[in-house]
Amino acid sequence: GGVIVFDRHQIIARYNKQNGLVGDTVSYIYESRDGAIWLATRSGVSRLQNGTFTNYTTETGLSNQYVRDIYEDRDGVMWFGTYGGGLNRLKNGVISSITAKDGLSDDVVSRILVDDHDNFWMLGNQGVY
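One structure accompanies this document, and this report is about it.

1. Some thoughts on the pairing of strand β11 (residues 111-114)
Looking at chain direction, β11 and strand β12 (residues 120-124) are connected through four bridges and run antiparallel. Its bridge partner being in β12, R111 is matched across the sheet by L123.

Written as structure tokens, this is what we have:
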């Protein structure tokens, strides 16, 4: 059903496909340093800032619509873990992907963690890599 935003006991906003969210099944929510809210869905990624959605799907370059995780690196580059399309990077408005064809152990990236040396650790169906 999308996302419902509460302020204590009161609903202050509802976001779904009808008002701009790319998909109603949300798997992850992330707030980037610029204050934008990023929502990972089974239909792509939505960025909400100042009441306006920007949506990213396979039509705009994602390798798979089912996004499971979102990470922002120290340079402000956004990374998306997908269920079947590997790891996607959004930099300067351009999406590129890294998949098993490029050396990933798996095309499923359910979680992204980065250590103190900027190494990416990812969880997929084949374990941690």
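2. Some words on the side chain of T41
Within the fold, T41 resides in strand β4 (residues 37-41). Polar side-chain contacts of T41 include one of 2.9 Å to the backbone nitrogen of S43. Each residue touching T41, except ones within four places of it in the same chain, is listed here: V22, G23, T25, V26, S27, Q65, Y66 and V67.

3. A word on the pattern of salt bridges
Taken as a whole, this structure holds three salt bridges when the rule is applied. Note that E72 is salt-bridged to R33, the shortest N-O span being 3.6 Å. Pair noted here: E72 is in strand β7 (residues 67-72) and R33 is in the loop between β3 (26-31) and β4, with a separation of 39 residues, a long-range link. Residue R33 is classed as exposed on the basis of its relative accessible area, which comes to 53%. Of the charged contacts, one joins D34 and R47 as a salt bridge, the two residues approaching to 2.7 Å between their closest N and O atoms. With D34 in the loop between β3 and β4 and R47 in strand β5 (residues 44-49), this pair connects stretches of sequence that are 13 residues apart.

Reading the values: rules and limits
- Residues numbered from 1 in each chain as written.
- Predicted model: local features only at pLDDT ≥ 70, side-chain atom pairs only at ≥ 80, totals over all residues.
- Heavy atoms only, no water.
- Pairing = 2+ DSSP bridges.
- Helix = DSSP H or I, 4+ residues; strand = E, 2+ residues; numbered from the N terminus.
- Polar contact = N/O pair within 3.5 Å; in protein donor to acceptor, adjacent residues only side chain to side chain.
- Contact = heavy atoms within 4.5 Å.
- Salt bridge = Lys/Arg side-chain N within 4 Å of Asp/Glu carboxyl O.
- Buried < 20%, exposed > 50% of the residue type's maximum accessible area, 1.4 Å probe, protein only.

The quantities given are spatial measurements derived from coordinates; they are silent on function.
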